[in-house]
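Next come the chains, spelled out residue by residue.
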Amino acid sequence: MAYYPGLEFIPSSRFVWSPAQRTVYYPARELGRESNQLGLLHEIGHAELGHTSYHSDIHLLGMEVDAWSYARQKAPEFGLTVDEAHIHACLESYRIWVHKRSVCPRCQFHGMQTTPTKFHCFMCRRRWRVSRGLSLQPRRMDCRSLASRD
Ligand SMILES: [Zn+2]
Ligand SMILES: [Zn+2]
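Residues numbered from 1 in each chain as written. Chains lettered and ligands numbered in written order. Predicted model: local features only at pLDDT ≥ 70, side-chain atom pairs only at ≥ 80, totals over all residues.

(A) Region of interest: the overall build of the protein. When its secondary structure is counted, the protein shows 4 helices and 7 strands. For the protein, contacts bridging at least 24 residues in sequence account for 46% of all contacts bridging at least 6. (Helix = DSSP H or I, 4+ residues; strand = E, 2+ residues; numbered from the N terminus. Contact = placed C-beta atoms within 7 Å.)

(B) Looking closely at the nonpolar core. In terms of nonpolar packing, the biggest core is built from 19 residues, with Val24, Tyr25, Tyr26, Leu41, Ile44 and Ala71 touching the most fellow members. Leu41 has contacts with Ala71, Lys74, Ala75 and Phe78, leaving out every residue within four places of it along the chain. (Core = buried A, V, L, I, M, F, W, Y, C linked by C-beta atoms within 7 Å. Buried ≥ 20, exposed ≤ 12 C-beta atoms within 10 Å, placed from the backbone.)

(C) Representation of the pairing of strand 3 (residues 23-27). As judged from the 5 bridges shared by strand 1 (residues 8-12) and strand 3, these two strands associate in the parallel manner. Bridge pairing in strand 3 links Pro11 to Tyr26. Pairing of strand 2 (residues 16-18) with strand 3 involves 3 bridges; the strand directions are antiparallel. The partner of Val16 across the bridge, within strand 3, is Tyr25. Where strand 2 hands over to strand 3, the hairpin turn is made up of 4 residues, of which Arg22 adopts a positive phi near 45 degrees. (Pairing = 2+ DSSP bridges.)

(D) Geometry of helix 3 (residues 84-102). Taking 1.5 Å of rise per residue, 19 residues should cover 27 Å, and helix 3 covers 27 Å from first to last C-alpha, within 8% of that figure. Along helix 3, the positions that sit buried rather than exposed are His86, Ile87, Cys90 and Tyr94. All buried residues of helix 3 lie within an arc of 110 degrees about the axis, which places them on one face of the element. For helix 3, the exposed residues lying more than 90 degrees away from the buried face are Glu84, Ala85, His88, Glu92, Ile96, His99 and Lys100. (Expected span 1.5 Å × (residues − 1). Arc of directions from axis to C-beta.)

(E) View of the packing of helix 1 (residues 34-48) against helix 2 (residues 57-74). Contact pair helix 1 / helix 2: the axes reach a minimum separation of 8 Å and the direction vectors enclose 120 degrees. In the packing of helix 1 onto helix 2, the handedness of the crossing is right-handed. Residues Leu38, Leu41, His42, Gly45, His46 and Glu48 of helix 1 form the contact with helix 2, whose participating residues are Met63, Asp66, Ala67, Trp68, Tyr70, Ala71 and Lys74. Looking at side-chain class alone, the contact of helix 1 with helix 2 contains 7 nonpolar, 3 polar and 3 charged residues. (Axes fitted to C-alpha atoms, helices over the stretch in contact; angles between N-to-C directions. Left-handed = near helix turned anticlockwise from the far one by under 90°. Nonpolar A, V, L, I, M, F, W, Y, C, P; charged D, E, K, R; others polar.)

(F) Inspection of the packing of helix 2 against helix 3 at higher detail. Viewed as axis vectors pointing N to C, helix 2 and helix 3 meet at an angle of 180 degrees, and their least axial separation amounts to 10 Å. The orientation of helix 2 with respect to helix 3, classified from their angle, is roughly antiparallel. The segment helix 2 lies against helix 3, with Asp57, Ile58, Leu61, Glu64, Val65 and Trp68 engaging Ile87, Leu91, Tyr94, Arg95, Val98 and Arg101. The residue makeup of the contact of helix 2 with helix 3, split by class, is 8 nonpolar, no polar and 4 charged. (Parallel < 35°, antiparallel > 145°, perpendicular 65-115°, else oblique.)

No statement about biological role is implied by the geometric values presented.
Written out as structure tokens, the structure is:
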């Protein structure tokens, strides 16, 4: 963490990146696990890549992919082994979440996202709202349910 003087690190129960505070919250007690050390690099990736807000689920998914790429790239510098299965599982849970939200509740057609919380179906014209999900606070990226599958 001394490598990242521009960032604040605060022990917490889960991983959260707060762009407004330039703070990475991390589960200090579970940091012994290598997958969590990789998770910490992932959060740092959000910070270093300037991830501050998102306008759609797909945009958010892209940020998740990029933050994992960052973690993958930096892992050797910290002597970490990259667990591809872990990264895959994290991204897969995101992908499933993104997919579920986009399915029209009336006709099961794929809806179009118009705002971070609104979808529109071109087939049956139904509109529906979704939460920000994954306990995502506005302008916060919470990768917790992604990072703790075991
Ligand atoms: Zn529909
Ligand atoms: Zn993330």
